Amino acid sequence: MSDSPSPRRLLLKLSGEALMGAGDFGIDPDVLSRVAADVAEIAGMGVQVGVVIGGGNIFRGAGLAGGGFDRVRGDHIGMLATVMNSLALQDHLGRIGVDARTLSAFRIDQVCEYYSRDRAVRHLEAGRVVILSGGTGNPYFTTDSAASLRAIEIGADLMIKATKVNGVYSADPMKDPDAEFYPALSYDRVLAEGLAVMDATAVVLCRENGMPLRVMNINEPGALRRLVEGEPVGTLVSGDDS
């Protein structure tokens, strides 16, 4: 039964790791094709879709910083990795007839467009899928934070955090069979209990700007479509636990 409002415009946050499939590095073409098909399906339903993809399947600057790698330079390399993933998704969307644009938070004009809020909104209103790459353009900010920021900037009705599990649990359900599933949570509870939803900066941005967040399993067939149709898929993080 559909009991949640259907979003008119949404921001989908994908981790770079989600694109690896069964591998431990890079992009699995089959996974990318499936993700592109899911995005195409909801775009075909008239939903304006923005996408933010991480770069952890290629490079993670924060992880190398602990080994002496310069954090700022590492984060810049990680931002470039998000551009690579975004261009790959744009290519797959184009192959199935979906008009998509990649926008970068830093200038790389020979490869993609430079991000501005107005440009992104114009593309969305024209029916194009907009892939927002390069993080925030600044070091020390995760792509989770970038996704929250972009969702707020483009006026999304909903932000979706796509993961490998079907929502938020009290513990890792892959390790603890007694982990409790939470159908709804408040921003404050997520922060107070340190639940593995998004980093704290990203959650605070959503809380302070009233951006509802759905955490769902991107690998579940049809889940994204059902969510757009109004089904309460995954876990809703909003102002209260009801």
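Caption draft 1: View of the overall build of the chain. Tallying secondary structure elements over the chain gives 8 helices and 11 strands in all. A compact globule built from 242 residues would reach a C-alpha radius of gyration of about 18 Å, and the chain, at 17 Å, matches this within 12%. With the C-alpha coordinates aligned to their principal axes, the bounding extent of the chain is approximately 50 × 45 × 35 Å. Counting the 242 residues in the chain, one finds 48% classified as buried. For the chain, long-range pairs separated by at least 24 residues make up 71% of all intrachain contacts whose partners lie at least 6 apart in sequence. Accessible surface, the chain as shown: approximately 11,000 Å² in total, 51% of it carbon and sulfur.

Caption draft 2: Quick peek at the sheet that holds strand β2 (residues 48-53). Spatially, β4-β3-β5-β2-β1-β6-β10-β11-β9 is the arrangement adopted by the 9 strands of the open sheet, whose pairing is mixed. Each end of this open sheet is capped by a strand with a single partner; those strands are β4 (113-114) and β9 (184-186). With 5 bridges connecting them, strand β6 (residues 158-163) and strand β10 (residues 213-217) associate as parallel partners. The residue bridging I160 from the neighbouring strand is R214, located in β10.

Caption draft 3: Representation of the side chain of N85. With respect to the helices, strands and loops of the structure, N85 is situated in helix α3 (residues 71-95). Apart from residues no more than four positions distant in its own chain, N85 is found in contact with G16, L19, I27, I53, G54, G55, N57 and I58.

Caption draft 4: View of helix α4 (residues 117-125). Burial in α4 covers these residues: A120, V121, H123 and L124. Considered in projection along α4, the buried side chains sweep an arc of 160° and stay on one side of the axis. Opposite the buried face of α4, at more than 90 degrees from it, the exposed residues are R122 and E125. Buried residues in α4 make contact with β1 (9-14), β2, β3 (100-104), β4 and β5 (129-133).

Caption draft 5: Representation of the packing of aromatic side chains in the model. Applying the stated criterion across every chain, the model contains 1 aromatic pair. The lysine or arginine in question, R189, covers the ring of Y182, its NZ or CZ lying 4.7 Å from the ring centre.

Caption draft 6: Focus on the pattern of salt bridges. Scanning the model with the defined rule gives 19 salt bridges in all. A salt bridge links D188 to R207; the shortest N-O distance between them is 2.8 Å. Taken as a pair, D188 in helix α6 (residues 187-193) and R207 in helix α7 (residues 200-208) lie far apart in primary sequence, 19 residues in all. The exposure class of R207 is partly exposed, given its relative accessible area of 31%.

Caption draft 7: Inspection of the pairing of β3 at higher detail. A large share of β3 lies buried, amounting to 4 of its 5 residues. With 2 bridges connecting them, β3 and β4 associate as parallel partners. When the bridges of β4 are listed, S104 appears paired with Y114.

Basis of the calculations
Residues numbered from 1 in each chain as written. Predicted model: local features only at pLDDT ≥ 70, side-chain atom pairs only at ≥ 80, totals over all residues. Heavy atoms only, no water. Helix = DSSP H or I, 4+ residues; strand = E, 2+ residues; numbered from the N terminus. Rg over C-alpha atoms; globule rule 2.2 N^0.38 Å. Buried < 20%, exposed > 50% of the residue type's maximum accessible area, 1.4 Å probe, protein only. Contact = heavy atoms within 4.5 Å. Areas by Shrake-Rupley, 256 points an atom, 1.4 Å probe, with all protein chains shown as cover. Pairing = 2+ DSSP bridges. Arc of directions from axis to C-beta. Phe/Tyr/Trp six-rings, centres within 6.5 Å; stacked < 30°, edge-to-face > 60°. Lys NZ or Arg CZ within 6 Å of the ring centre and 35° of its normal. Salt bridge = Lys/Arg side-chain N within 4 Å of Asp/Glu carboxyl O.

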